[in-house]
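Coordinate analysis (summary)
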Amino acid sequence: MASKPDVKVACVQAAPFYFDLDRSIEKGIGLIEEAARNGARLIAFPEVWLPGYPFFFWLGAPIEGLAHIPGYRDNSLVIGSEQDLALRRAAADNGIFVCMGYSELSGSSLYMGQMLLSPQGEPRILRRKLKPTLAERCVFGEGDGSHLQVAETEIGRVGALNCWEHLQPLLKYAMYAQNEAIHVAAWPCLSLYKGKSYALGPEMTWATSQIYALEGQCYVLAATQVATPELVAMLCDTPLRRELLPIGGGCSMIFGPDGAPLCEPIPEDREGILYAEVDFAAIGIAKTAADPAGHYARPDVARLLLNTTPAHRILPADAFVHTPPAAGPRPTCEEADPDA
């Protein structure tokens, strides 16, 4: 790791054009171009930045939120669509890695997706949030173990998780075990239920992202959205809803492998891009002290059982065809199981 040159990375704090995919793609491309002009090799976007986080299911009864679903589905990203290809071209045109969060429309279902695009515009990671949180389950389906992905790249090993996936210790350990150097922690805006739910607020989001950096000895790019006046006007038609979703909520930051914040934060109601340098020597030093999936582990005491098989909804019938055993003498119990 120490032989790698330092890498400049960028972390977004911004709102999309909520529930408008085409305008959000255009804005995202502008941020990609800005980060590339400033020398960044990777830019990280917030959770479901395309076309914005579905706050409407947190602001009332689920049946009220259903009124927003048709428009939200129509503005969710389809892999392979022209909007997807526009993002890939932007990554290639600017020679930068792009980690984008999006609502994915696949078939008739929505998923909380993240993709890592290479500087050649190729998808290196296509993943889905394994377990949507609370009200999110009214909107999105689940990912599976194949979506715990870390990609080997020329700027180090890069991985990503969404929001409260960072509160699931086993999922984190599965990522640590893949030796991440740079991790994208994608979050919505953190003004929802401000003053009413400490767990959903900026303090715990910072703490969670810092702990991930410290535990995994990696750089963490914690990217957040911002609740804009336009979003509040769109969704909050009563005093109670305006109280539940105030303007602001941005708290993006980049953390080093010792958990230290590496740049000045942006005010919570402002948009911008944070930058920091990834020092691979610092990762090596941190790993020497404590590598929880390496020399600091105790596999004789505790190990993770990880199923990375894709959970296909449909399998061909011949997948269940029984293949007869080869002819010959049957093994004894001892031969079949040496530990029997």
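Report on the accompanying structure. All values derive from a computational prediction rather than experimental measurement.

Criteria and cut-off values
Residues numbered from 1 in each chain as written. Predicted model: local features only at pLDDT ≥ 70, side-chain atom pairs only at ≥ 80, totals over all residues. Heavy atoms only, no water. Pairing = 2+ DSSP bridges. Helix = DSSP H or I, 4+ residues; strand = E, 2+ residues; numbered from the N terminus. Axes fitted to C-alpha atoms, helices over the stretch in contact; angles between N-to-C directions. Contact = heavy atoms within 4.5 Å. Buried < 20%, exposed > 50% of the residue type's maximum accessible area, 1.4 Å probe, protein only. Polar contact = N/O pair within 3.5 Å; in protein donor to acceptor, adjacent residues only side chain to side chain. Parallel < 35°, antiparallel > 145°, perpendicular 65-115°, else oblique. Left-handed = near helix turned anticlockwise from the far one by under 90°. Salt bridge = Lys/Arg side-chain N within 4 Å of Asp/Glu carboxyl O. Phe/Tyr/Trp six-rings, centres within 6.5 Å; stacked < 30°, edge-to-face > 60°. Lys NZ or Arg CZ within 6 Å of the ring centre and 35° of its normal.

1. With respect to the sheet that holds strand β2 (residues 42-44)
Read from one edge of the open sheet, six strands run β5-β4-β3-β2-β1-β11, paired in mixed fashion. Each of the sheet's edge strands pairs with one partner strand only, and the pair in question is β5 (123-128) and β11 (272-278). Taking the axes of each pair of neighbouring strands and ignoring which way they run, one obtains an average angle of 25° across the sheet. In this structure, strand β1 (residues 7-13) lies alongside β11, joined through seven bridges in antiparallel fashion. By the bridge assignment for β11, Gln13 is matched with Gly272. Sheet strands touched by helix α1 (residues 21-37): β1, β2, β3 (97-106) and β11. Its angle to β11, the strand with the most contacts, is close to 40°. Across the sheet, helix α4 (residues 82-94) is in contact with β3, β4 (109-117) and β5; its angle to β4 comes to roughly 15°.

2. Some words on the side chain of Glu136
One can find Glu136 in the loop between β5 and β6 (150-153). Glu136 sits in the buried class, given a relative accessible area of 2%. A polar contact is formed between the side chain of Glu136 and the side chain of Lys129, at a distance of 2.8 Å. For Glu136, the residues in contact, after removing those within four places along its chain, are Glu47, Tyr53, Trp58, Met112 and Lys129.

3. Some details on the packing of helix α5 (residues 169-176) against helix α6 (residues 202-216)
Here α5 crosses α6 at 45°, and the two axes come no closer than 10 Å. Put simply, α5 runs oblique to α6. The crossing of α5 and α6 is right-handed. Only Ile211, Tyr212, Glu215 and Gly216 of α6 make contact with α5, whose side of the interface consists of Lys172, Met175 and Tyr176.

4. Focus: the pattern of salt bridges
Applying the stated criterion to the full structure yields 17 salt bridges. Of the charged contacts, one joins Glu82 and Arg89 as a salt bridge, the two residues approaching to 2.5 Å between their closest N and O atoms. Between Lys131 and Glu142 there is a salt bridge, and its shortest N-O distance comes to 2.6 Å. Taken together, the positions of Lys131 in the loop between β5 and β6 and Glu142 in the loop between β5 and β6 put the pair 11 residues apart, joining distant regions of the chain. Each member of the salt-bridge network shares a partner with another, and the members are Glu47, Lys129 and Glu136.

5. A word on the packing of α1 against α4
Running from amino to carboxyl end, α1 crosses α4 at an angle of 10°, the nearest separation of the two axes being 10 Å. Taken together, the axes of α1 and α4 lie roughly parallel to each other. Contact residues: α1 offers Leu21, Asp22, Ile25, Ile29, Ile32, Glu33 and Ala36, while α4 offers Gln83, Ala86, Leu87, Ala90 and Asn94.

6. Considering the packing of aromatic side chains
Taken as a whole, this structure holds 12 aromatic pairs when the rule is applied. The interplanar angle of 50° and the centroid separation of 5.4 Å between the aromatic rings of Phe56 and Phe57 together place this pair among those described as tilted. Judged by its relative accessible area of 6%, Phe57 falls in the buried class. Connected via pairs of aromatic rings, a cluster forms that spans Tyr18, Phe19, Tyr53, Phe55, Phe56, Phe57, Tyr72 and Phe140. A cation over an aromatic ring shows up here: Arg23 above the ring of Phe17, its NZ or CZ 3.8 Å from the ring centre. The ring of Phe17 carries Lys27 above its face, with NZ or CZ at 5.5 Å from the centroid.

7. Things to note about the environment of Asp144
Within the fold, Asp144 resides in the loop between β5 and β6. Asp144 gets classed as buried once you look at its relative accessible area, which sits at 11%. Setting aside residues up to four positions removed in sequence, Asp144 forms contacts with Leu130, Thr309, Pro310 and Ala311. Among the polar contacts listed, one links the side chain of Asp144 to the side chain of Ser146, at a separation of 2.4 Å.

8. Digging into the environment of Gly113
Examined against the element boundaries, Gly113 turns out to sit in strand β4. Separated by 182 residues in the primary sequence, Gly113 and His295 have C-alpha atoms spaced 33 Å apart. Excluding residues within four positions of it along the chain, Gly113 makes contact with Met100, Gly101, Tyr102, Arg127, Arg128 and Asn162.

9. Concerning the pairing of β5
The side chains of a regular strand alternate, residue by residue, between the two faces of the sheet. Pairing analysis gives five bridges linking β4 to β5, with the strands arranged antiparallel. Within the sheet, the bridge partner assigned to Leu117 lies in β5 and is Pro123. A loop of five residues connects β4 with β5, the two strands running antiparallel in sequence, and Gly121 in this loop sits at a positive phi of about 80°.

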